[in-house]
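# Observations on the model geometry
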Amino acid sequence: MIQMSLFNEPAPVLPVTYYPEFLSQEEAGVLYQHCLKLQWQQNQIKMVGKTLLVPRLECIYGDEGCEYLYSKSVLLKPLPWPEALAQLRDRITAVTGYSFRIVIGNQYRSGQDSIGWHADNESSMGLNPAIASVSLGAERKFQIKPIKGKPTDFWLEHGSLLLMHPGCQSTHLHQVPKTKKLVGTRINLTFRPHVGGRR
Ligand SMILES: O=C(O)CCC(=O)C(=O)O
């Protein structure tokens, strides 16, 4: 049976899989507290001739030398894997079958922190990367859309995993928009492959 949405349009088939209870509430709570103590920093990005603060905090951990440059402007240099993140990485690999060499953290301190429409298509991840995204803390709206299509909304819950399948970054864009609602801190961890660095 084809799933129908409002106005009898077929629901879009998206290149993602959502696992709402990937972590138990207790595991997610412990991990959230741990992640608050990671090495967060607010980076600067150059856009249309201006230097702006990235509207969220970021951190990166991973294999030695797996540096990550995005928007041709922000260079993230990984610190060694903390045990808790290495264990989470291996658990995601066991469930999805995909391997990861870096994790990039985003911390959204309030509804004013955000990430705009983009695709994660940096060449350092190789062709058609699978990206696994774990959410902790406050729920925020995550939107995904075909490059020229309408967005679908997900509410990414505490302890959930959203897997963006290979190919997703070539056909779709995603974002976490700002909100005027009062929302608490949210931490997002995106586990990614990398073709460089030391093996
Ligand atoms: O916070 C999220 O759920 C999305 C993060 C994201 O889009 C990214 O790191 O590229």
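What counts and how
Position numbers for residues count from 1 along each chain, tracking the sequence in the order it is written. Only residues with pLDDT of 70 or above have their local features reported here, since the model is predicted, and side-chain atom pairs are shown and tallied only from 80 upward, although totals for entire chains, interfaces and linings are computed over all residues. The side-chain numbers reported here are obtained from all heavy atoms of the structure, hydrogens and water having been left aside. Each residue's exposure class comes from its accessible area (1.4 Å probe, protein chains only) as a fraction of the maximum for that residue type: buried when under 20%, exposed when over 50%, partly exposed otherwise. Helix numbers and strand numbers start at the N terminus; a helix is a DSSP run of H or I with at least 4 residues, a strand a run of E with at least 2. In this scheme, strands are said to pair when DSSP sees at least two bridges between them. Axes here refer to lines fitted to C-alpha atoms; in helices the fit is confined to the stretch in contact. Angles between the N-to-C directions go from 0 to 180 degrees. A helix is expected to reach a length of 1.5 Å times the quantity of its residues less one. Read the arc as the range of directions from the helix axis to the C-beta atoms. UniProt positions are given in the numbering used here, feature names are shortened, and annotations may be inferred rather than shown by experiment. Note on definitions. A residue lies near a molecule or strand when any single heavy atom of the residue is within 4 Å of it. Polar contacts, as used here, are pairs of N or O atoms within 3.5 Å; protein pairs need one atom able to donate a hydrogen and one able to accept it. Residues neighboring in sequence count only if both atoms are side-chain atoms. Each accessible area is a Shrake-Rupley estimate made with a 1.4 Å probe; only the visible protein chains count as cover when residues are assessed. Site definitions follow a grid-based scheme: protein atoms alone, a 1 Å grid, a 1.4 Å probe that fits but cannot get out for cavities, and for pockets an open set with protein on both sides within 12 Å along at least five of seven lines, plus lining residues having an atom within 4 Å of a point. To decide whether a molecule occupies a pocket or cavity, check its atoms: if more than half lie within 2 Å of the grid points, it is inside. Gly is put with the polar residues, along with every residue not named as nonpolar or charged; the nonpolar set is Ala, Val, Leu, Ile, Met, Phe, Trp, Tyr, Cys and Pro, and the charged set is Asp, Glu, Lys and Arg.

As recorded by an unreviewed UniProt entry, the protein carries the name 2OG-Fe(II) oxygenase and is attributed to Tolypothrix tenuis PCC 7101.

## Brief notes about unusual backbone geometry
If you check the backbone angles, Val-48 has positive phi at about 40° while not being a glycine. Judged by its relative accessible area of 83%, Val-48 falls in the exposed class. Unlike most non-glycine residues, Ser-71 shows phi in positive territory, near 50°. With respect to the secondary-structure elements, Ser-71 resides in the loop between strand E5 (68-70) and strand E6 (74-76).

## Notes on the sheet that holds strand E13 (residues 172-176)
Spatial ordering of the open sheet is given by E8-E13-E10-E11, a layout of four strands whose pairing is antiparallel. The two strands at the open ends of the sheet, each matched to only one other strand, are strand E8 (115-118) and strand E11 (152-156). Looking at each pair of strands side by side, their axes are set apart by 20° on average, direction ignored. In this structure, strand E10 (residues 140-146) lies alongside E13, joined through four bridges in antiparallel fashion. Following the sheet pairing, Pro-146 is matched in E13 by His-172.

## Some details on helix H2 (residues 83-96)
For H2, built from 14 residues, the straight-helix expectation of 20 Å at 1.5 Å per residue is met to within 8% by its first-to-last C-alpha distance of 20 Å. Considered for burial, the residues of H2 that qualify are Leu-85, Ala-86, Leu-88, Arg-89, Ile-92 and Thr-96. The buried side chains of H2 occupy one side of the element, clustering within an arc of 160° when seen end-on. Those residues of H2 that are exposed and aimed more than 90 degrees away from the buried face are Glu-83 and Ala-94. Immediately beyond the C-terminal end of H2, within one or two residues, lies Gly-97, with a positive phi of roughly 85°.

## Observations regarding the UniProt feature "domain: Fe2OG dioxygenase" (unreviewed entry) in the protein
Using the residue numbers shown here, the UniProt feature "domain: Fe2OG dioxygenase" (unreviewed entry) corresponds to residues 99-195. Note that residues 99-195 is 4% helix and 48% strand, and that its end C-alpha atoms are spaced 11 Å apart.

## Some details on the site of the ligand
Of all residues adjacent to the ligand, which total 13 residues, the nearest are Asn-106, Tyr-108, His-118, His-174 and Arg-186. Within the contact set of the ligand, an oxygen atom lies 2.8 Å away from a side-chain nitrogen or oxygen of His-118. In this structure, an oxygen atom belonging to the ligand sits 3.3 Å away from a side-chain N or O atom of Asn-188. Relative to its free-state accessible area of 290 Å², the ligand is covered by the protein chains to the extent of 97%. Assessed atom by atom at 2 Å from the grid points, the ligand resides in the largest pocket. Listed by contribution, the elements that provide at least two residues to the shell around the ligand are strand E7 (102-108), E8, E13 and strand E14 (186-192). With four residues, the top contributor of residues to the shell around the ligand is E14. Looking at side-chain class alone, the shell around the ligand contains five nonpolar, five polar and three charged residues.

## Examining the pairing of E14
Consecutive side chains of a regular strand alternate in pointing toward one face of the sheet and then the other. Burial analysis of E14 places seven of its seven residues in the buried class, which makes it a mostly covered element. Burial along E14 is two-sided: Arg-186, Asn-188, Thr-190 and Arg-192 and Ile-187, Leu-189 and Phe-191, pointing in opposite directions, are all buried. The sheet contact formed by E7 and E14 spans seven bridges and is antiparallel. The residue bridging Ile-102 from the neighbouring strand is Arg-192, located in E14. Of the pairings in the sheet, the one linking strand E9 (residues 131-137) to E14 comprises six bridges and is antiparallel in character. Each residue of the ladder has a partner; that of Val-134, found in E14, is Leu-189.

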